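Chain by chain, the residues run as shown.
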Amino acid sequence: GELVSFELLETFDIEEVQNNLNNDFGETAPDVLYDISMYKIIYNTIDPFGNEVEASGVVAFPVNNEQAFPMISWQHGTEVKRDNTSSFNGFNALSFWLTGRGYIYIEPDYLGLGESEVLHPYCLKNPSAWTTIDLIRAVETFSFLNNDFESNDELILVGYSEGGYVTMAAHMMIEDEDIDEFNLLGSFPMAGPYDLSGSMVDVMLSYEPYDAPFYLPYVLVPYISYYEMGGLDEYFLPEYAEIFEYVFNGNYSSSYINSLLPDIPIEVMLPEVIDEFSNNLDHPLRLYLEANDLWDWVPENDVHLF
């Protein structure tokens, strides 16, 4: 959670924010109360091997040094292209809305996205949690250095899709590790793959078309890499193993990767791997997926599932 650096990305006055929200939401747009600013944050966190590594994210806030504001950490949905993040693209409708109404908005890029160039640890519990928690810590440090805003230490976690998974992982880690640096009020995980070894396996093993076939290798490639399970050619058909060596390096979009794959995701796998995984309940990959499940715990603070 050490703050490494910060850089101003954008700043808007009340009228500009209001115009943006009116354009996006029409009559349902809220009344904007504050000028707002967004900064890119570079900070230290932990990679899947337990090593210290730099990651990036953003903090946006109401520009007002007479009040202290609560924090909402938004964990974004699945991205494979490194620059499809707020640290590259600045404000969006959600960050306009929340900061204009009086929240400190926090959004981690995740490892492997934004400024980080490691392989993205997709649906790996610990790096997902620490990347989020450590950005919140870095933002707390930044608030002490910046006279434009102050946190009241109240925290809400919200996320969608992969972000639902990351939100649940961060909530779980905060409670399991008794992290008391901020007051977690609750979390809102939405549409996340919390049951990796059960529900997700059932979907991916089915011989049916899936509208985003890249999801299967996007999960498996980092698991094979970070758990040191061998080469990609031991799991995927040769023509796909070759592709997966480079398409998840952060330079390619999900739509481009989908265009290279069959509509039925499981058809990228070696048949013998499918048979072994299906028939062996102690298959290493199955056990690693189970270790990253997020459903079998009892939260102390509110969890609102969508």
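This is a predicted model, so every value here is computed, not measured.

Asker: So, the pattern of salt bridges: which residues are in play, and what are the values?
Answerer: Summed over the entire model, instances satisfying the criterion amount to 4 salt bridges. Glutamate 181 is paired through a salt bridge with arginine 137; the nearest N and O atoms lie 2.9 Å apart. You can see glutamate 181 sitting in the loop between helix H5 (162–176) and strand S7 (183–190) and its partner arginine 137 sitting in helix H4 (residues 125–145), a full 44 residues away along the chain. The network of salt bridges with shared partners includes Asp134, Arg137 and Glu181.

Asker: Account for the sheet that holds strand S3 (residues 52–62), naming residues and giving values.
Answerer: The mixed open sheet is built from 8 strands, whose spatial order is S1-S2-S3-S5-S4-S6-S7-S8. Unpaired on one side and paired on the other, strand S1 (3–12) and strand S8 (302–303) mark the two borders of the sheet. As paired strands, strand S6 (residues 151–160) and S7 are joined by 7 bridges and run parallel to one another. Bridge pairing in S7 places glutamate 154 opposite asparagine 183. Here H4 sits on the sheet and contacts S1, strand S2 (36–46), S3, strand S4 (69–75), strand S5 (104–108) and S6; the angle it forms with S2, its principal contact strand, is near 125°. Where H5 meets the sheet, its contacts fall on S4, S6, S7 and S8, and the angle it forms with S6 comes to roughly 140°.

Asker: Tell me what's going on with the pairing of S7, and back it up with residues and numbers.
Answerer: Handedness of the β-α-β unit built from S6, H5 and S7 comes out right-handed. Note that S7 and S8 share 2 bridges and pair parallel. The residue bridging serine 187 from the neighbouring strand is valine 303, located in S8.

Asker: Would you mind going over empty space enclosed by the protein in detail, with residue names and values included?
Answerer: With the rule as written, the count across this model stands at 3 cavities of 30 Å³ or more. A volume near 190 Å³ is recorded for the largest cavity. Considering the residues around the largest cavity, the lining is formed by 16 residues, among which Leu205, Leu216, Leu220, Phe277 and Leu285 are closest to the centre. Mapped onto the lining of the largest cavity, the elements with two or more residues apiece are helix H6 (196–205), helix H7 (215–226), helix H10 (271–279) and helix H11 (284–291). The greatest single-element share of the lining of the largest cavity, amounting to 4 residues, is contributed by H6. Of the residues belonging to the lining of the largest cavity, the class tally is 15 nonpolar, 1 polar and no charged.

Asker: Requested: an account of unusual backbone geometry, with residues and values cited.
Answerer: The phi angle at tyrosine 110 is positive, at roughly 85°, despite the residue not being glycine. By the element assignment, tyrosine 110 lies in the loop between S5 and H4. With a phi angle near 60°, cysteine 123 is a residue other than glycine that sits in the positive phi range. One can find cysteine 123 in the loop between S5 and H4. Classification of cysteine 123 by relative accessible area gives buried; the value is 1%.

Asker: Quick rundown of the nonpolar core? Include the residues and the values.
Answerer: Core analysis: the largest hydrophobic core is formed by 77 residues, its most contacted members being Val59, Ile104, Phe236, Phe244, Met269 and Leu289. Per-element accounting of this core gives the leading share, 8 residues, to H7. When neighbours within four sequence positions are excluded, isoleucine 104 is seen to be in contact with Val59, Ala60, Phe61, Pro62, Phe69, Pro70, Met71, Ile72, Val139, Phe149, Glu150 and Ser151. Counting residues in hydrophobic clusters, the runner-up holds 17 residues, among them Val32, Met38, Trp74 and Phe96.

Asker: Report on the packing of aromatic side chains, specifying residues and quantitative values.
Answerer: The tally for this structure, following the rule as stated, stands at 26 aromatic pairs. Note on tyrosine 34 and phenylalanine 69: the rings are 5.2 Å apart at their centroids and 85° apart in plane angle, and the pair reads as edge-to-face. Note that tyrosine 34 is positioned in the loop between helix H1 (14–25) and S2 and phenylalanine 69 in strand S4, a separation of 35 residues in sequence. With a relative accessible area of 3%, phenylalanine 69 lands in the buried category. Seen in terms of ring centroids, tyrosine 246 and tyrosine 252 are 5.7 Å apart; in terms of plane orientation they differ by 70°. Their pairing is edge-to-face.

Procedures and definitions
Residues numbered from 1 in each chain as written. Predicted model: local features only at pLDDT ≥ 70, side-chain atom pairs only at ≥ 80, totals over all residues. Heavy atoms only, no water. Salt bridge = Lys/Arg side-chain N within 4 Å of Asp/Glu carboxyl O. Helix = DSSP H or I, 4+ residues; strand = E, 2+ residues; numbered from the N terminus. Pairing = 2+ DSSP bridges. Contact = heavy atoms within 4.5 Å. Axes fitted to C-alpha atoms, helices over the stretch in contact; angles between N-to-C directions. Right-handed = clockwise from strand over helix to strand, strands pointing away. 1 Å grid on protein atoms, 1.4 Å probe; cavity = no way out; pocket = protein on both sides within 12 Å on 5 of 7 lines; lining within 4 Å. Points joined across faces, edges and corners; volume = space filled by probe spheres on them. Nonpolar A, V, L, I, M, F, W, Y, C, P; charged D, E, K, R; others polar. Buried < 20%, exposed > 50% of the residue type's maximum accessible area, 1.4 Å probe, protein only. Core = buried A, V, L, I, M, F, W, Y, C linked by side-chain atoms within 4.5 Å. Phe/Tyr/Trp six-rings, centres within 6.5 Å; stacked < 30°, edge-to-face > 60°.

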